[in-house]
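An overview of the molecular structure
Single-letter residue listing:
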Amino acid sequence: MTYLQARGVVRAYGRTPALRGVTLDVAEGEIVAVTGPSGCGRSTLLHCLAGILRPDAGQVTWRGERIDGWSEAARSRLRRTEFGVLFQFGQLVAELTAAENVALPLLLAGTGRREARTAALTWLERLGVAEVADVRPGEMSGGQQQRCATARALVTEPRVLFADEPTGALDTLAGEQVLTHLVRLARDQHTTVVLVTHEPRVAGYADREVMLRDGVVDHSGLGLDASLPGGHR
Amino acid sequence: MTRVSTSHVLLGLLATGPRHGYELKRAHDERLPRARPLAFGQVYATLARLHRDGLVAPAGQERDGGPDRTAYALTGEGPHALDRWLATVEPPMPYVASTLFAKVVVALLVADVDRARDYLIAQRRAHTARLRELTAVKTAPTASLDDVLAADFAIAHLDADLRWLHTTLDRVADWHREVHS
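Residues numbered from 1 in each chain as written. Chains lettered and ligands numbered in written order. Predicted model: local features only at pLDDT ≥ 70, side-chain atom pairs only at ≥ 80, totals over all residues.

1. Considering the overall build of chain B
- Broken down by element type, chain B carries seven helices and three strands.
- Listing each helix as α and each strand as β along chain B from the N terminus yields α-β-α-α-β-β-α-α-α-α.
- Taken against the 2.2 N^0.38 rule, which gives 16 Å for 181 residues, the C-alpha radius of gyration of chain B at 22 Å runs more than 25% over that of a compact globule.
- Each principal axis of the C-alpha distribution contributes one length, and for chain B these read about 75 × 40 × 30 Å.
- Classification of the 181 residues of chain B by burial places 20% in the buried group.
- Restricting the contact set of chain B to residue pairs at least 6 apart, pairs at least 24 apart contribute 51%. (Helix = DSSP H or I, 4+ residues; strand = E, 2+ residues; numbered from the N terminus. Rg over C-alpha atoms; globule rule 2.2 N^0.38 Å. Buried ≥ 20, exposed ≤ 12 C-beta atoms within 10 Å, placed from the backbone. Contact = placed C-beta atoms within 7 Å.)

This is how it looks when you write it as structure tokens:
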């Protein structure tokens, strides 16, 4: 059974089509890079797969169940528990410390304060930023902020992590540290990752690359082995 | 890109103390991982040339149960030659000397757009696979600084090639549309 799947997904913003029938299979534990030129629809695809956006047509299934038709509340619950989402800018809460930011998803899910803080500290440590646990985002470097955001996305131990240009705002070394940690931890946890990027070197961290062009998967040979999951190392 | 000056790399390796040919070959391959491994013949030929030019001199023989092995050390002039090399700025890409570039030009010259495009697509596949391989090497917990530096260098160049491949594919497609519309 395919783990995460898009079938003929169509999505437009007003009269501008972003996705024009995307079909894609992602295997469990796989790290897939979604690439393509600007405006190809790669972020929209990620939003549809993560249940943030509802497709206008087509299906999104996860572990055999269609999630595109779920209510906003149900999809939101899914994103809090089973899915993790990471954007280009960490979107940390400015008033909270790193540890409080990372603990937030656990507190929302009903975990006790002490337990949530312990988990947050563990994840900050895993991302190599334990030293900023009690620091607010404004006092951190961009790389530290993004590593905290990665810790926050992983603290619930999601089955799927959706990352949209997670290093787009960072310099090469800071970006590399985020990716190295993210990929290593994802592999350790057997987390499936959908990584949206326009940079070949970032796509190099994935097991497989799927290229979109004008809202569809490019099958010309450029959209490398897009329809077949696998290619694990 | 200019050719690596093996003479100067060997001078650099000898700056840490005398070594014989075999040790130099090993040190070269270790410190420059992913460079083309140095052939013994090349090591001895280079040492002979450096000796002729007065930059290195024999510094004793070692007999370790096997054949005689001559160790070499820098002469007084050696460090100066090394300093001059390290201070010389390399001409940044004086020529576009890449088989990849030449193939695309020739494909467009003798064949057609499809031929160039097929080549670019196949090359992109190979580049992407290599990029992934090097990323794994670099992120392995056991990677040394030399490994990371070598992988970084290769990745940056593959990344640049891949960007060029994409732009070229788009340009070739645009050009084809213009010519045939």
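2. A closer look at the domain arrangement of chain B
- Segmenting chain B into domains produces domain 1 (6-87) and domain 2 (99-180).
- Between the C-alpha centres of domain 1 of chain B and domain 2 of chain B the distance comes to 35 Å. (Domains from an automatic or database assignment.)

3. Let's talk about unusual backbone geometry
- The backbone phi angle of Glu157(A) is positive, close to 50°, even though this residue is not glycine.
- For Glu157(A), the position within the fold is in the loop between α5 (142-154) and β7 (160-164).
- Backbone geometry at Arg34(B) places phi at a positive 75°, although glycine is not the residue there.
- One can find Arg34(B) in the loop between α2 (21-31) and α3 (40-52).

4. Digging into helix α7 (residues 145-180) of chain B
- Between its terminal C-alpha atoms α7(B) stretches 52 Å, which fits the 52 Å expected from 36 residues at 1.5 Å a residue.
- Listed as buried for α7(B) are Ala150(B), Ala151(B), Ile155(B), Leu158(B), Leu162(B) and Leu165(B).
- On its buried side, α7(B) packs onto α7 (200-203) of chain A together with α6 (113-139) of chain B. (Expected span 1.5 Å × (residues − 1).)

5. Some points on the confidence of the model for chain B
- When the pLDDT values of chain B are averaged, the result is 87; 94% of them are 70 or greater.
- Predicted as a complex, the structure gets a pTM of 0.81 and an ipTM equal to 0.76. (pLDDT = per-residue confidence, 0-100.)

6. Overview of helix α1 (residues 42-49) of chain A
All names here are of chain A.
- Taking burial as the measure, the eight residues of α1 include seven buried ones, the bulk of the element.
- Residues of α1 that are buried include every one of Arg42, Thr44, Leu45, Leu46, His47, Cys48 and Leu49, and no others.
- Note on α1: the residue one or two positions beyond its end, Gly51, has a positive phi of about 80°.

7. A short note on the nonpolar core
- With 68 residues, the main nonpolar core has Leu45(A), Leu49(A), Val102(A), Leu124(A), Phe162(A) and Val194(A) as its most contacted residues.
- Viewed by domain, this core spans two of them, domain 1 (1-82 + 158-233) and domain 2 (92-154) of chain A, each represented by three or more residues.
- Ignoring any residue separated from it by four or fewer positions in sequence, one finds Phe162(A) in contact with Leu46(A), Leu49(A), Ala50(A), Phe83(A), Val85(A) and Val194(A).
- Grouped together as the second largest cluster of nonpolar side chains are 14 residues, Leu38(B), Leu47(B), Val56(B) and Leu74(B) included. (Core = buried A, V, L, I, M, F, W, Y, C linked by C-beta atoms within 7 Å.)

8. Some thoughts on the interface of chain B and chain A
- On the chain A side, the residues contacting the 13 residues of chain B number 12 residues.
- Counting residues per element, the ones that place at least two in the side of chain B that touches chain A are α6 and α7 of chain B.
- It is α6(B) that provides the largest number of residues to the side of chain B that touches chain A, a total of nine residues.
- The residue inventory of the side of chain B that touches chain A, partitioned by class, reads five nonpolar, three polar and five charged. (Nonpolar A, V, L, I, M, F, W, Y, C, P; charged D, E, K, R; others polar.)

9. Brief notes about the environment of Arg171(B)
- Position of Arg171(B) relative to the elements: it lies in helix α7.
- Considered as a pair, Arg171(B) and Asp152(B) are 19 residues apart in the sequence and their alpha carbons are 28 Å apart.

10. Let's talk about the sheet that holds strand β10 (residues 216-217) of chain A
Residues and elements named next belong to chain A.
- Strand order in the open sheet formed by six strands is β6-β7-β8-β3-β9-β10, and the pairing between neighbours is mixed. The open sheet has two free edges, formed respectively by β6 (83-86) and β10, since each of these has just one partner strand.
- Here four bridges tie strand β3 (residues 31-35) to strand β9 (residues 208-213), and the two strands are oriented parallel to one another. Bridge pairing in β9 links Val32 to Arg208. (Pairing = 2+ DSSP bridges.)

11. Concerning the pairing of strand β4 (residues 57-62) of chain A
Residues and elements named next belong to chain A.
- Pairing of strand β1 (residues 4-13) with β4, which is carried by five bridges, proceeds in the antiparallel orientation. Bridge pairing in β4 places Arg7 opposite Gln59.
- Of the strand pairs in this sheet, β4 and strand β5 (residues 65-66) are connected by two bridges, and their pairing is antiparallel. Bridge pairing in β5 links Thr61 to Arg66.
- Adjacent in sequence and paired antiparallel, β4 and β5 are bridged by two residues, among which Arg63 carries a positive phi angle near 50°.

12. Considering the environment of Thr139(B)
- Structurally, the position occupied by Thr139(B) is in helix α6.
- For Thr139(B), a count of 18 C-beta atoms within 10 Å gives the class partly exposed.
- Spatially, the C-alpha atom of Thr139(B) lies 15 Å from that of Ala156(B), the residues being 17 residues apart in sequence.
- Once residues lying within four places of it in the same chain are set aside, the contact partners of Thr139(B) are Thr180(A) and Val183(A).

13. A closer look at the pairing of β6(A)
All names here are of chain A.
- Residues Phe83 and Val85 point to one face of β6 and Gly84 and Leu86 to the other, with burial holding for every one of them.
- As judged from the four bridges shared by β6 and β7, these two strands associate in the parallel manner. Across the sheet, Gly84 pairs through a bridge with Leu161, a residue of β7.

14. As for the sheet that holds β4(A)
All names here are of chain A.
- Ordered in space as β2-β1-β4-β5, the four strands form an open sheet in which the pairing is antiparallel. Two strands close off the open sheet at either side, each with one partner strand: β2 (16-26) and β5.
- Lying on the sheet, α1 is in contact with β1, β2 and β4; it crosses β1 at an angle near 120°. (Axes fitted to C-alpha atoms, helices over the stretch in contact; angles between N-to-C directions.)

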